[in-house]
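The residues making up each chain are set out below.
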Amino acid sequence: MERTQEEYKKYVSILKEELLPAMGCTEPIAIAYAAAKARELLGQIPEKIEVFVSGNIIKNVKSVVVPNTGGLRGIEAAAAAGAVAGDAKRELEVISSVTEEEKKKIKEYLESNPIIVELADSSYIFDIQIIAYEGKHSSYVRILDYHTNIVLLKKDEDILLKRDMKGAIKQSLTDRAFMSVNGIVEFADSVIIEDVKETLDRQIAFNCAIAEEGIKGDYGANIGKVLLKEYGKDIKTRAKAKAAAGSDARMNGCSLPVVINSGSGNQGITVSVPVIEYAKELGVSQDKLYRALVVSNLIAIHQKTGIGRLSAYCGAVSAGCGSGAGIAYLYGGGLVEISHTIVNSLAVVSGIICDGAKASCAAKIASAVDAGILGYYMFINGQEFKGGDGIVTKGVENTIHNVGVLAKDGMRETDKEILKIMMEEC
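None of these values were measured; they are calculated from a predicted model.

Colleague: Any details on the packing of aromatic side chains? Residues and values, ideally.
Modeller: Two aromatic rings, taken as a pair, are described by how far apart their centres are and by the angle between their planes. In the structure shown here, the tally under the stated rule is six aromatic pairs. Through successive ring pairs, a cluster of aromatic residues spans Tyr8, Tyr11, Phe178 and Phe187. When the ring centre of phenylalanine 178 is taken as origin, the NZ or CZ atom of lysine 10, which lies over that ring, is 5.1 Å away. The ring centre of tyrosine 329 lies 4.4 Å from the NZ or CZ of lysine 288, which sits over that ring.

Colleague: Quick rundown of the pairing of strand β5 (residues 137–144)? Include the residues and the values.
Modeller: In terms of residue burial, β5 counts as a mostly covered element, since seven of its eight residues are buried. Note: strand β4 (residues 127–134) against β5, eight bridges, orientation antiparallel. For glutamine 129, the partnering residue across the bridge sits in β5 and is arginine 142. From the end of β4 to the start of β5, which pair antiparallel, there are two residues, and glycine 135 there has a positive phi angle of about 60°. As defined by bridge partners, β5 adjoins strand β6 (residues 150–155) across five bridges and the pair is classed as antiparallel. Paired with valine 141 across the strands is leucine 153, a residue of β6. Linking two consecutive strands that pair antiparallel, namely β5 and β6, is a turn of five residues; a positive phi of about 75° is found at aspartate 145 within it.

Colleague: Run through the environment of asparagine 261, naming residues and quoting values.
Modeller: On the secondary structure map, asparagine 261 appears in the loop between β8 (257–259) and α11 (265–282). Judged by relative accessible area, asparagine 261 falls into the buried class, the value being 0%. Sequence separation of asparagine 261 and threonine 99 is 162 residues, and the distance between their C-alpha atoms is 28 Å. Excluding residues that lie within four positions of it along the chain, asparagine 261 makes contacts with Glu18, Leu19, Gln267, Gly268, Val271, Asn297, Ala300 and Ile301.

Colleague: Go over the pattern of salt bridges with me, naming the residues and quoting the values.
Modeller: Tallied over the full model, the rule gives 20 salt bridges. The partner of arginine 238 in a salt bridge is glutamate 277, and the shortest N-O contact between them spans 3.2 Å. Here glutamate 277 lies in helix α11 and arginine 238 lies in helix α10 (residues 235–251), a separation of 39 residues in the sequence. The partner of lysine 242 in a salt bridge is glutamate 277, and the shortest N-O contact between them spans 3.4 Å. Of this pair, lysine 242 sits in helix α10 while glutamate 277 sits in helix α11, and the two are 35 residues apart along the sequence. One network of salt bridges, with partners in common, ties together Glu212, Arg238, Lys242, Glu277, Lys280 and Glu281.

Colleague: If you had to explain the packing of α10 against α11 to someone new, which residues and values would you point to?
Modeller: The N-to-C vectors of α10 and α11 enclose an angle of 150°; their axes lie 9 Å apart at closest approach. Considered as vectors, α10 and α11 are oriented roughly antiparallel to each other. Viewed along their axes, α10 and α11 form a crossing whose handedness is right-handed. Side by side, α10 and α11 meet where Ile235, Lys236, Arg238, Ala239, Lys242, Ala243, Gly246, Ser247, Arg250 and Met251 of the first sit next to Gly265, Asn266, Ile269, Val273, Pro274, Glu277, Tyr278 and Glu281 of the second. Here the contact of α10 with α11 is composed, by residue class, of eight nonpolar, four polar and six charged.

The rules we used
- The numbers attached to residues start from 1 for each chain and follow its sequence in the written order.
- Only residues with pLDDT of at least 70 get local features here, since the model is predicted, and only at 80 or more are side-chain atom pairs given and counted; chain-wide, interface and lining totals rely on the full set of residues.
- Only hydrogens and water are set aside; all other atoms, that is, all heavy atoms of the structure, feed into the side-chain values.
- Working definition: rings of Phe, Tyr and Trp (its six-membered ring) pair if their centres are within 6.5 Å, and the pair is stacked with planes under 30 degrees apart, edge-to-face with planes over 60 apart, and tilted otherwise.
- Our definition puts a charge over a ring when NZ of Lys or CZ of Arg is within 6 Å of the ring centre and also within 35 degrees of the ring normal.
- We call a residue buried when its accessible area falls under 20% of the maximum for its residue type, exposed when it is over 50%, and partly exposed in between, using a 1.4 Å probe and counting protein chains only.
- Every helix listed is a DSSP run of H or I at least four residues long, and every strand listed is a run of E at least two residues long, numbered separately from the N terminus.
- Any two strands between which DSSP finds at least two bridges are classified as paired.
- Only heavy atoms enter the contact rule, under which two residues are in contact if any of them lie within 4.5 Å.
- Any carboxyl oxygen of Asp or Glu that lies within 4 Å of a side-chain nitrogen of Lys or Arg is treated as forming a salt bridge with it.
- Angles shown run from 0 to 180 degrees and are taken between the N-to-C directions of axes, each axis being a line fitted to C-alpha atoms and, for helices, limited to the stretch in contact.
- For this classification, under 35 degrees means roughly parallel, over 145 means roughly antiparallel, 65 to 115 means roughly perpendicular, and everything else is oblique.
- Definitions for this section: a left-handed crossing has its near helix turned counterclockwise from the far helix by less than a right angle. A right-handed crossing has that turn clockwise.
- Gly falls in the polar group here, along with every residue not listed as nonpolar (Ala, Val, Leu, Ile, Met, Phe, Trp, Tyr, Cys, Pro) or charged (Asp, Glu, Lys, Arg).

What follows is the structure, given as structure tokens:
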């Protein structure tokens with residue numbers, strides 16, 4: 001693939017759009033970002049905040065610790081953190097520079113100012129609306145479809161920004177309809193590393209750092225530590241354990257940033273850390289690692305294009321499958337090996353549900369990475385799942401399509417039941 005080709009340019013753009021730094025679970029951070037923007041428009045810290053969010057946002061914010069808040073959890077904490085101490089210019093790192101004094105102010109704000117949270121009457125899977133009030137004045141911020149996609153800004157009755165709701169998403173991101181496993185492998189083989197180096201260097205540095213912190217610290221269910229203690233320290237276990245540890249740290253208040261994939265820090269960790277760990281074990285060149293990360297990241301993004309940002313389908317599955325593809329590439333695999341790895345992996349773990357962001361995400365990540373690794377090892381041992389085996393259809397693109405339909409359409413009612421169960425537990 002030539003650098004001058006439109007397809008080449010699109011792949012580079014997609015990596016730059018998707019592999020962004022974020023601190024903390026991205027859904028509460030998006031709420032904090034919206035609240036910080038609302039305060040910015042208002043000109044001062046609001047006396048009252050109303051938050052209207054879609055069901056999947058509630059699902060992914062309910063149980064996670066909002067970083068730099070002193071251990072506070074939930075939508076109210078995220079909104080308060082953004083309104084009191086957020087810097088909207090930093091987007092998904094909006095609360096990365098909160099001081100100890102500001103942490104106290106966030107807690108005081110929660111205790112003395114009303115923050116009303118309601119389920120949005122919205123047809124959008126990803127919808128965040130915040131109204132901030134101060135005296136006779138108000139501000140309104142709406143984010144749709146992905147974490148920084150502001151489509152409406154208002155100060156009192158004055159509309160400051162309004163984007164066509166249906167067209168806003170397509171206008172904001174590079175179209176992904178052209179993506180294919182064959183194209184991704186061709187791009188990975190031919191990409192000029194300088195075009196992606198800065199993006200991937202940041203992913204390597206950030207995601208390895210939080211994985212190491214997860215192993216050293218005491219976060220969540222400490223899945224990484226459990227794996228290393230009980231399963232040993234071979235490369236297969238280390239790959240799973242470090243990815244899980246990064247998630248445990250992130251879900252439970254660690255303030256280290258993560259480079260995300262498909263809007264998710266957990267998915268960003270899952271597509272990168274196992275591939276990096278295998279690269280160390282195999283002693284491959286840095287060039288080979290970069291190309292393998294291109295494969296793992298883009299394979300995950302390709303799958304998520306058909307699924308959507310949020311779903312009842314666990315995003316770690318797509319990311320674990322991507323890491324398996326990246327590991328296959330490290331071993332010298334090409335289109336055939338990577339395609340079989342993807343199909344084998346998806347056949348194993350496509351039933352994992354997403355019941356919100358929380359400590360158990362780390363265990364799901366370990367399972368998804370294990371399936372990605374198994375998918376490759378199955379192929380090199382002459383084993384494969386074939387068309388007609390459940391949702392598997394002949395051809396990797398057809399199987400990816402099936403998973404997209406299953407996750408986006410088939411699991412719509414499942415998503416409603418998950419949210420219903422979670423809301424009853426509040």
